[in-house]
Amino acid sequence: MATEAEGGGIKIDPMGQFVVEPLFGGDHVAWYTPTNVTLWMAITVLAVIVLLVLGTRGRAIVPSRSQSVAELTYGFIHQMIEDVAGKDGLKYFPYIMTLFLFIVFGNTLGLLPTAFTTTSHLAVTGVLALLVFVTVTVIGFVKNGASFLSLFWVSAAPLALRPVLAVIELISYFVRPVSHSVRLMGNMMAGHAVIKVFAGFAGALGLGAVFPVVAIVAIYGLEVMVAFVQAYVFTILTCVYLKDALHPHH
Amino acid sequence: MATEAQGAEAAGNAPGMPQLDFSTFPNQIFWLLVTLVVIYLVLNKVALPRIASVLSERQGTIANDLAAAEELKGKAGEAEEAYKKALADARAEANRIIADAKAEIQKDLDAATEKADAEIAAKSAESEKRIGEIRASAMENVEAVAKDTAIEVVRAVLPAAEDASAVDKAVDQRLKG
């Protein structure tokens, strides 16, 4: 970066970190090519295994630190599902836990310098959101049959308003996966891009770089929080959608 | 659809948003699905059952410990009851012994008092008898002296009328009177 600055003009490429590249050379990215996506998803899986499998191998009554974290994560999601979706939502606990762990580790691992953030990609968050959308819709119809449609028929509203509300509800229902996915992807992408921009400034400013570095530290702290909050938001929205599917009556 | 077109364009030109480079979508989606399945299997087969069992085991241990504590508390209460009872028994026993001792002492005292009373009574009866004897002998002497004196007087005053038996009789009469 410094040499670029000397060369005249600051060249900052905040989006370069999001490029999907094959791991072992080549230009073409086929569906099976091992890419940096593959690498960082594998690291995510490893992190999950380290925390939840290796961390709990002691099976101690008085837990070790890692076992405590694993148990807290378990209890956190378990409690969330029970509170939001109700007892019958607990059947889907492993699926929701999978989503939460993938996102929380994807987000936090992406904060490591030079890391690739899997959850900053629309393809990833879109598939996650669509999985939730399709699953929840199927569960809704399987559990409730046609009465699942009463989700869109707001019986609390005056009769004249109901058709209007039904249209709005229907639209909002189909917008759910979009907001669900873009929220996560946007948060991750924006934060990382901002850090990269400030890092570019730091490279260009020489001694004055202390200001962008301080800003990076501050934004990094914010991003750590965002990483957890967005994982939490994605998971709790999943629970809310699940609740709608299990109990569609307002 | 417009964004798609833009994305495709962006994919062609170097900068743009890699997020909208649709040529990498199949790759990302494939690896995402693989990752999710692996995480799901790890969670469902190993991690979650293990954590659930650890948590329920801990719950059980805590419940057992609480029950044991409750039991020990009950035992402590019982021990306290037993201690109190023993204390009360000991008190009662002590009171009984004191009462017994008192009764015994009273009995001894009564017996001694009775004996002393009897002795005193015997002694006083003896004294009474002796006094009576002394009094009787004194009376006898008085009689004899009176008779002798009377006879002497009669003899001196009226010798002819000396009749001992009559004098005796008269004296007796007088003494009785």
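Refer to the structure printed above.
Residues numbered from 1 in each chain as written. Chains lettered and ligands numbered in written order. Predicted model: local features only at pLDDT ≥ 70, side-chain atom pairs only at ≥ 80, totals over all residues. Heavy atoms only, no water.

It is worth spelling out the side chain of Thr56 of chain A at this point. Relative to the assigned elements, Thr56 of chain A resides in the loop between α2 (36-54) and α3 (65-84). Overall, the relative accessible area of 1% leaves Thr56 of chain A in the buried class. Apart from the residues within four sequence positions on either side, Thr56 of chain A is in contact with Leu51, Gln67 and Ala70 of chain A together with Arg50 and Ile51 of chain B. (Helix = DSSP H or I, 4+ residues; strand = E, 2+ residues; numbered from the N terminus. Buried < 20%, exposed > 50% of the residue type's maximum accessible area, 1.4 Å probe, protein only. Contact = heavy atoms within 4.5 Å.)

Time to look at the environment of Ala68 of chain B. Residue and element names in this part refer to chain B. Among the secondary structure elements, Ala68 is positioned in helix α2 (residues 25-157). Using a relative accessible area of 34% as the deciding quantity, one classes Ala68 as partly exposed. Between the C-alpha atom of Ala68 and that of Ala116, which follows or precedes it by 48 residues, the distance is 70 Å.

Moving on to the packing of aromatic side chains. All names here are of chain A. Applying the stated criterion across every chain, the model contains 15 aromatic pairs over all chains. A centroid spacing of 6.0 Å and a plane angle of 55 degrees characterise the contact between Phe76 and Phe100, whose relative ring orientation is tilted. On the criterion of sequence distance, the pair formed by Phe76 in helix α3 and Phe100 in helix α4 (residues 93-109) is long-range, its members being 24 residues apart. On the basis of relative accessible area, Phe76 is assigned to the partly exposed category, the value being 38%. You can call Phe100 buried: its relative accessible area is 7%. Joined through ring pairs, the aromatic side chains of Phe133, Phe141, Phe148, Phe152, Tyr173 and Phe174 make up one cluster. (Phe/Tyr/Trp six-rings, centres within 6.5 Å; stacked < 30°, edge-to-face > 60°.)

With that settled, consider the interface of chain A and chain B. Facing 47 residues of chain A, the contacting portion of chain B comprises 36 residues. Together, the buried faces of chain A and chain B total about 3,700 Å²; carbon and sulfur atoms form 76% of this surface. The largest share of the area that chain A buries against chain B comes from Trp31, Ile61 and Tyr74 of chain A, three residues that together contribute 17% of it. As a salt-bridge pair, Arg58 of chain B and Glu71 of chain A come within 2.7 Å of each other at their nearest N and O atoms. For the interface between chain A and chain B, the tally reads twelve residue pairs in polar contact (both at pLDDT 80 or more). (Buried area = accessible area lost by both parts, 1.4 Å probe. Salt bridge = Lys/Arg side-chain N within 4 Å of Asp/Glu carboxyl O. Polar contact = N/O pair within 3.5 Å; in protein donor to acceptor, adjacent residues only side chain to side chain.)

Another aspect to go through is the nonpolar core. Grouped together as the largest cluster of nonpolar side chains are 62 residues, with contacts concentrated most on Leu52, Met97, Phe102 and Leu128 of chain A together with Leu43 of chain B. For this core, the secondary-structure elements that each account for two or more residues are α2, α3, α4, α5 (122-144), α6 (162-205) and α7 (210-246) of chain A together with α2 of chain B. By residue number, the principal contributor to this core is α4 of chain A, which donates eleven residues. For Phe102 of chain A, the contacting residues outside a window of four places in its chain are Met41, Thr44, Thr118, Thr119, Val124 and Leu128 of chain A together with Leu32, Thr35, Leu36 and Ile39 of chain B. One finds Met15, Phe18, Met189 and Ala193 of chain A within the second-largest nonpolar core, a separate group that totals five residues. (Core = buried A, V, L, I, M, F, W, Y, C linked by side-chain atoms within 4.5 Å.)

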